[in-house]
Amino acid sequence: MKKTTFYFLFILFSVSLNAQVRAFAGGTYYRHTDFQESGYLEVTSGVDVKVYKFFKPEASVSYYFGRLEDYNKVDQSGNTISISQVTTSALNFGFTPKICLSWGEFSAGDAIVQILPRYNISRIEAQQNYILINQSNPAQSKTQKNIVTEWQHSFGIGLGLDIILSDKKYDSLAINLYYTGVNMGEALTDVKKSNTNYDSRTLGLGMNYYFGFKKKKA
C-alpha cells in the first residue's frame, strides 16, 4: 500500500518536465451533526500540475479529524455512571484529475470554474475512551481504550472557483464545495460496538491557496 502511494505521487511529479507546477495548502470544514461543533475538519497540502489549460491534475496529502458528541449514561437518580469519548482521524492520499472550464489567459480577479473528482487512499483510525465512573470514589474510575484502524479506497467530487490573485505570479485562491468519499463511519461503528451505523460522508466547504512562480514576460 505504501509503495503504491509513493509511485502514484512520483508519476504525477513526472508528468512533464515543462509543466507548470504549483504547491498548495488549505482546509475544509465538513458539516455533520454526529460530531462536536456539528462537523469535522480536513487540512491538506499538495501540488497541481498544468498539463493543459483545461487539465491540471493534483496530488495531495490530507488529514481528517473530528470527535463525536460524548455519550454519558446515567442511572435512575441522574448520576453519570459511564462516559464514552470517541475521536476519529484519517491520513488520506488523494489524486484529483482537475478539470478547468476556461479557454485563454486570465488577469487578477478573474475566476475559473473547476471540477474536482478525487480518488482517495485513506488510513482511518477511531479511538474510544470508555470511562466507568466509581460513584463512591471518582478518582478510582476505570478507563478502557479501544482502537480500530483500517485502509479504505474511495471517490469524492467537488466543484469550485479558482480566483487569480496576481498578474505577476501564478498564485490563486480556490473556494470549493466538496462531497468527500472518505467514510470514517465504519471505524466509528466498530470501535463503539453499538447498533448505530455511522457514516461520515457529507458536504464540506473549503479553501486552497496555490503558490505559483513568477509569470514569464511576454
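Residues numbered from 1 in each chain as written. Predicted model: local features only at pLDDT ≥ 70, side-chain atom pairs only at ≥ 80, totals over all residues. Heavy atoms only, no water.

(A) Region of interest: the overall build of the protein chain. Tallying secondary structure elements over the protein chain gives two helices and 10 strands in all. Start at the N end of the protein chain and walk to the C end: the helices and strands fall as α-β-β-β-β-β-β-β-β-β-α-β. Residues counted as buried form 41% of the 218 residues belonging to the protein chain. Across the protein chain, contacts joining residues at least 24 apart in sequence account for 67% of those joining residues at least 6 apart. Summing over all exposed atoms, the protein chain offers an accessible surface of approximately 12600 Å²; the carbon and sulfur share of this is 58%. (Helix = DSSP H or I, 4+ residues; strand = E, 2+ residues; numbered from the N terminus. Buried < 20%, exposed > 50% of the residue type's maximum accessible area, 1.4 Å probe, protein only. Contact = heavy atoms within 4.5 Å. Areas by Shrake-Rupley, 256 points an atom, 1.4 Å probe, with all protein chains shown as cover.)

(B) Expanded view of the pairing of strand β5 (residues 80–96). In the sheet, strand β3 (residues 58–67) pairs with β5 via 10 bridges, with the strands oriented antiparallel. Counterpart to G66 in the pairing with β5 is T88. In this structure, strand β4 (residues 71–74) lies alongside β5, joined through four bridges in antiparallel fashion. Pairing of K73 across the sheet is with S82, part of β5. With antiparallel pairing between neighbouring strands as the criterion, β4 and β5 make up a hairpin whose turn holds five residues, including G78 at a positive phi of roughly 90°. (Pairing = 2+ DSSP bridges.)

(C) Quick look at the packing of aromatic side chains. Summed over the entire model, instances satisfying the criterion amount to nine aromatic pairs. Ring geometry for F24 versus Y210: centroids 5.1 Å apart, planes at 40°, classification tilted. Here the residue F24 occupies a position in strand β1 (residues 20–31), and Y210 occupies one in strand β10 (residues 203–211), the gap between them amounting to 186 residues. Grouping residues by exposure puts F24 and Y210 together as buried. Ring centres of Y30 and Y40 lie 5.2 Å apart, and the angle between their planes is 25°; on these two criteria the pair is classed as stacked. Here the residue Y30 occupies a position in strand β1, and Y40 occupies one in strand β2 (residues 39–50), the gap between them amounting to 10 residues. Look at Y30 and you get buried, because its relative accessible area is 0%. (Phe/Tyr/Trp six-rings, centres within 6.5 Å; stacked < 30°, edge-to-face > 60°.)

(D) Representation of the pattern of salt bridges. As enumerated under the stated definition, the model contains eight salt bridges in all. One salt bridge connects R22 with D48, and the closest N-O pair in it is separated by 3.0 Å. Linking R22 in strand β1 with D48 in strand β2, this pair joins segments that are 26 residues apart in sequence. Residue classification places R22 among the buried positions, given a relative accessible area of 4%. D48 sits in the buried class, given a relative accessible area of 1%. One salt bridge connects R123 with E125, and the closest N-O pair in it is separated by 3.8 Å. Judged by relative accessible area, which is 35%, R123 ranks as partly exposed. For E125, a relative accessible area of 25% translates into the label partly exposed. Each of the salt bridges in this network shares a partner with another, and the network as a whole consists of R22, D48, E58, K98 and D162. (Salt bridge = Lys/Arg side-chain N within 4 Å of Asp/Glu carboxyl O.)

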